[in-house]
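The primary structure of each chain is shown beneath.
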Amino acid sequence: MSRRRTRTICAVSLMAVLAPAAVGCSDGGGTPSSEVSRASAAIASARSSAQAELGKIKGGSQAKREVKAGRVSRDGAGRSVAPLTVTNRGKHTANYAIEVNFRDADGDLVDAVVLHLSKVPPHQPTKATAHSHRKLTGHITAQVGTAVRY
């Protein structure tokens with residue numbers, strides 16, 4: 001896929017604060033530790049940032065059913081990579097904004113990105129790739145959160 005065709009316009013990364021979340025609990029009354037609280041805030045912030053970026057698009061239509069995420073692999077830097085296939089079901093060439101959520105084995109959000117694809121032709125499967133912004137460990141899956149055709 002050419003660089004012209006696919007550009008990452010908004011990257012939402014959950015920093016290393018998520019690693020301690022898996023183990024962090026206070027030894028007192030079972031309330032979450034400050035690390036878990038920070039992780040929860042980071043997740044909420046990531047989701048909010050992605051939704052805000054998608055909210056900037058005016059006149060678009062929901063297109064989640066037009067985007068399929070494939071099996072996640074790792075690149076040479078250890079980042080998670082998810083192949084996407086976009087099939088424009090409209091009558092004309094269109095642009096897409098796609099939120100891709102990376103989730104761990106428990107289904108928890110661990111990273112998110114928003115991709116823009118330009119000039120996707122109608123009824124012709126178009127490939128794109130979503131890359132996590134850091135190394136993600138364990139079994140990771142990719143899920144299309146929101147997709148907008150405009």
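Just so you know, these numbers come straight off a predicted model, no measurement behind them.

What to know about the environment of Glu53
Point 1. With respect to the element layout, Glu53 can be found in helix 2 (residues 34-55).
Point 2. When its relative accessible area of 16% is taken as the criterion, Glu53 is described as buried.

Observations regarding the environment of Ala147
Point 1. As for its position among the elements, Ala147 is in strand 9 (residues 141-149).
Point 2. Ala147 sits in the buried class, given a relative accessible area of 0%.
Point 3. Put simply, Ala147 and Val67 are 80 residues apart on the chain and 7.3 Å apart in space, counted from C-alpha to C-alpha.
Point 4. In this view, Ala147 contacts Ser61, Gln62, Ala63, Lys64, Val67, Ala97 and Ile98; residues no more than four positions away in its chain are not counted.

A word on the nonpolar core
Point 1. The biggest cluster of nonpolar side chains holds 23 residues, and the ones touching the most others in it are Tyr96, Ile98, Val100, Phe102, Leu117 and Ala130.
Point 2. The next biggest cluster of nonpolar side chains, apart from the first, holds six residues, and it includes Ala50, Ile57, Ala97 and Val114.

Structural notes on the side chain of Thr126
Point 1. Positionally, Thr126 belongs in strand 8 (residues 126-135).
Point 2. Residue classification places Thr126 among the buried residues on the basis of a relative accessible area of 4%.
Point 3. Here the side chain of Thr126 touches Gln124 through a polar contact of 3.1 Å, landing on its backbone oxygen.

Topic: the pairing of strand 5 (residues 79-86)
Successive side chains on a regular strand alternate, one facing one side of the sheet and the next facing the other.
Point 1. Note: strand 3 (residues 67-69) against strand 5, three bridges, orientation antiparallel. Directly across from Ala69, in strand 5, lies its bridge partner Leu84.
Point 2. Alignment of strand 4 (residues 73-74) against strand 5, held across two bridges, turns out to be antiparallel. Note on strand 5: the bridge partner recorded for Arg74 is Ser80.
Point 3. Following strand 4, the chain reverses through four residues before pairing antiparallel with strand 5; Gly78 in that reversal takes a positive phi of roughly 85°.
Point 4. Of the pairings in the sheet, the one linking strand 5 to strand 8 comprises seven bridges and is antiparallel in character. Each residue of the ladder has a partner; that of Pro83, found in strand 8, is Thr129.

Procedures and definitions
- Residues numbered from 1 in each chain as written.
- Predicted model: local features only at pLDDT ≥ 70, side-chain atom pairs only at ≥ 80, totals over all residues.
- Heavy atoms only, no water.
- Helix = DSSP H or I, 4+ residues; strand = E, 2+ residues; numbered from the N terminus.
- Buried < 20%, exposed > 50% of the residue type's maximum accessible area, 1.4 Å probe, protein only.
- Contact = heavy atoms within 4.5 Å.
- Core = buried A, V, L, I, M, F, W, Y, C linked by side-chain atoms within 4.5 Å.
- Polar contact = N/O pair within 3.5 Å; in protein donor to acceptor, adjacent residues only side chain to side chain.
- Pairing = 2+ DSSP bridges.

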